[in-house]
Amino acid sequence: MSEQQVFVCAEPEGDCLPPNLENIIQQESLKWIFVGGKGGVGKTTTSCSLAIQLAKHRESVLLISTDPAHNLSDAFSQKFGKEATKVNGFTNLSAMEIDPSASMQDMVEGADSDAGGMGGMMQDLAFAIPGIDEAMGFAEVMKHVKSMQFSVIVFDTAPTGHTLRFLSFPTVLEKALSKLSTLSGRFGPMLNQVSSMMGGGVNTSEMFEKLESMRAVVTEVNTQFKNPDLTTFIPVMISEFLSLYETERLIQELTSYEIDVHCICVNQLLFPDSDTNCKHCKVRWSQQQRYLKEAYDLYGEDFHIVKMPLLSEEVRGPDSLKKFSEMLIHPYSPTKP
């Protein structure tokens, strides 16, 4: 086998879906798009690139980082915080970096100031249910996001384990708040009376009303997340065993949550020159092709698999991201970089 043959990327056998994200861009009904995967596979670069392409077709796009590492600021070379901020160089693309657990703390502190110490009771009630603190933080985030008018929202999520918890929160929280709502009818008046006898200023009716309004938001979000016309998830991976394994687990979990997933982005692929003498490049390329073939065997018939190259320069800043984002739509060719 000649060197030229060695470095021709193996294509999947049989019919397969177009290797781009054009279907995502053109699906105007989409409201929520999640991008996630194992740590270090290029989720932020992918989500930023996707948001840039969406901004060409949508009236307004919001890019949100829910990863505590918050890499959006580094990617765009611009500081973002917990308020939506226009991305430099764009008129209809905004970005923000939020921490769901911090949002929960803000909610509790707000409850303390609004209802004379109500936050303490809310925190005790909420934290009695495992994982509910993060879930309520999620609800507060979604409540905030839903109040903003954007055509589509792209989530740059934390590594896989955190992301799966994040996506399971609506179901967990909906059940928990439903139980708390039931408790409000049975014990609300008694708690008010006890609080009054002890000289407390806690208005439990107001607390339960707040939880009930939160439950309504979460119920709506949960329904939307399970609607493929409104929500989809794009796993990002690199062509290695651990990343492929975690992507498989992620897709299985997403399916169990009834969340649509039909695109995969494979990052950091080598496209070495046919006359290269780099032994490391040859070995690495061969390994990547093996796991890329496995990805096609698993998902080639039902998924759009996008192959993104490992570039010699860093993808950072609006101009670099704009150029890189084109490859989500027009597949990279080593002869036409």
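Residues numbered from 1 in each chain as written. Predicted model: local features only at pLDDT ≥ 70, side-chain atom pairs only at ≥ 80, totals over all residues. Heavy atoms only, no water.

### Regarding the overall build of the protein
Right, so step 1: In terms of helices and strands, the protein carries twelve helices and eight strands.
Right, so step 2: Counting over 337 residues, the protein shows a buried share of 48%.
Right, so step 3: For the protein, the exposed surface amounts to about 15900 Å²; the carbon and sulfur share of it is 52%. (Helix = DSSP H or I, 4+ residues; strand = E, 2+ residues; numbered from the N terminus. Buried < 20%, exposed > 50% of the residue type's maximum accessible area, 1.4 Å probe, protein only. Areas by Shrake-Rupley, 256 points an atom, 1.4 Å probe, with all protein chains shown as cover.)

### Some words on the packing of aromatic side chains
Right, so step 1: Taken as a whole and judged by the stated rule, the model has ten aromatic pairs.
Right, so step 2: With centroids separated by 6.3 Å and ring planes inclined at 10°, the aromatic side chains of F34 and F233 adopt a geometry described as stacked. You can see F34 sitting in strand 1 (residues 32-37) and its partner F233 sitting in strand 6 (residues 231-238), a full 199 residues away along the chain. Both residues of the pair, F34 and F233, count as buried.
Right, so step 3: Aromatic pair F241 and Y291: ring centres 6.5 Å apart, planes at 55°, arrangement tilted. One end of the pair, F241, is in helix 10 (residues 241-256); the other, Y291, is in helix 11 (residues 279-299), and 50 residues separate them in sequence. (Phe/Tyr/Trp six-rings, centres within 6.5 Å; stacked < 30°, edge-to-face > 60°.)

### A few points about the UniProt feature "binding site: ATP" (unreviewed entry) in the protein
Right, so step 1: The feature "binding site: ATP" (unreviewed entry), as given by UniProt, occupies K38, G39, G40, V41, G42, K43, T44, T45, E240 and N267 in the numbering adopted here.
Right, so step 2: Among the residues examined, V41 registers a relative accessible area of 1% and is labelled buried.
Right, so step 3: Non-local contacts of V41, meaning those with residues more than four positions away in its chain, are made with V236, M237, I238, S243, N267 and Q268.
Right, so step 4: Relative to the helices and strands, T45 is located in helix 3 (residues 43-54).
Right, so step 5: Leaving out residues up to four positions away in the same chain, T45 has contacts with V315, L321 and F324. (UniProt positions renumbered as here; feature names shortened; annotations may be inferred. Contact = heavy atoms within 4.5 Å.)

### Description of the confidence of the model for the protein
Right, so step 1: Scored by pLDDT, the protein has a mean of 79; 67% of the residues are at 70 or more.
Right, so step 2: Averaged over each element, pLDDT in the protein is lowest for helix 1 (residues 3-6) (39) and highest for helix 3 (97).
Right, so step 3: Every residue in residues 1-8 scores below 50 in pLDDT, and together they form 13 contacts with partners more than four places removed in sequence or on other chains. (pLDDT = per-residue confidence, 0-100.)

### Some words on the packing of helix 10 against helix 11
Right, so step 1: In contact at an axis separation of 10 Å, helix 10 and helix 11 are set at 15° when each is read in the N-to-C sense. Taken as axis vectors, helix 10 and helix 11 run roughly parallel relative to one another. Considering only the axes of helix 10 and helix 11, their crossing is right-handed. Here F241, L244, T247, E248 and I251 of helix 10 come into contact with helix 11, specifically with Y291, E294, A295, L298 and Y299.
Right, so step 2: The class makeup of the residues in the contact of helix 10 with helix 11 is seven nonpolar, one polar and two charged. (Axes fitted to C-alpha atoms, helices over the stretch in contact; angles between N-to-C directions. Parallel < 35°, antiparallel > 145°, perpendicular 65-115°, else oblique. Left-handed = near helix turned anticlockwise from the far one by under 90°. Nonpolar A, V, L, I, M, F, W, Y, C, P; charged D, E, K, R; others polar.)

### Examining the nonpolar core
Right, so step 1: In terms of nonpolar packing, the biggest core is built from 76 residues, with I33, L50, F76, L93 and V154 touching the most fellow members.
Right, so step 2: Discounting residues that sit within four places of it in the chain, L50 has contacts with L21, I24, I25, I33, V35, V154, I234 and L328. (Core = buried A, V, L, I, M, F, W, Y, C linked by side-chain atoms within 4.5 Å.)

### Re unusual backbone geometry
Right, so step 1: Unlike most non-glycine residues, S77 shows phi in positive territory, near 55°.
Right, so step 2: If you trace the backbone, S77 turns up in the loop between helix 4 (72-76) and strand 3 (85-86).
Right, so step 3: Unlike most non-glycine residues, E258 shows phi in positive territory, near 65°.
Right, so step 4: Residue position: E258 is located in the loop between helix 10 and strand 7 (263-269).

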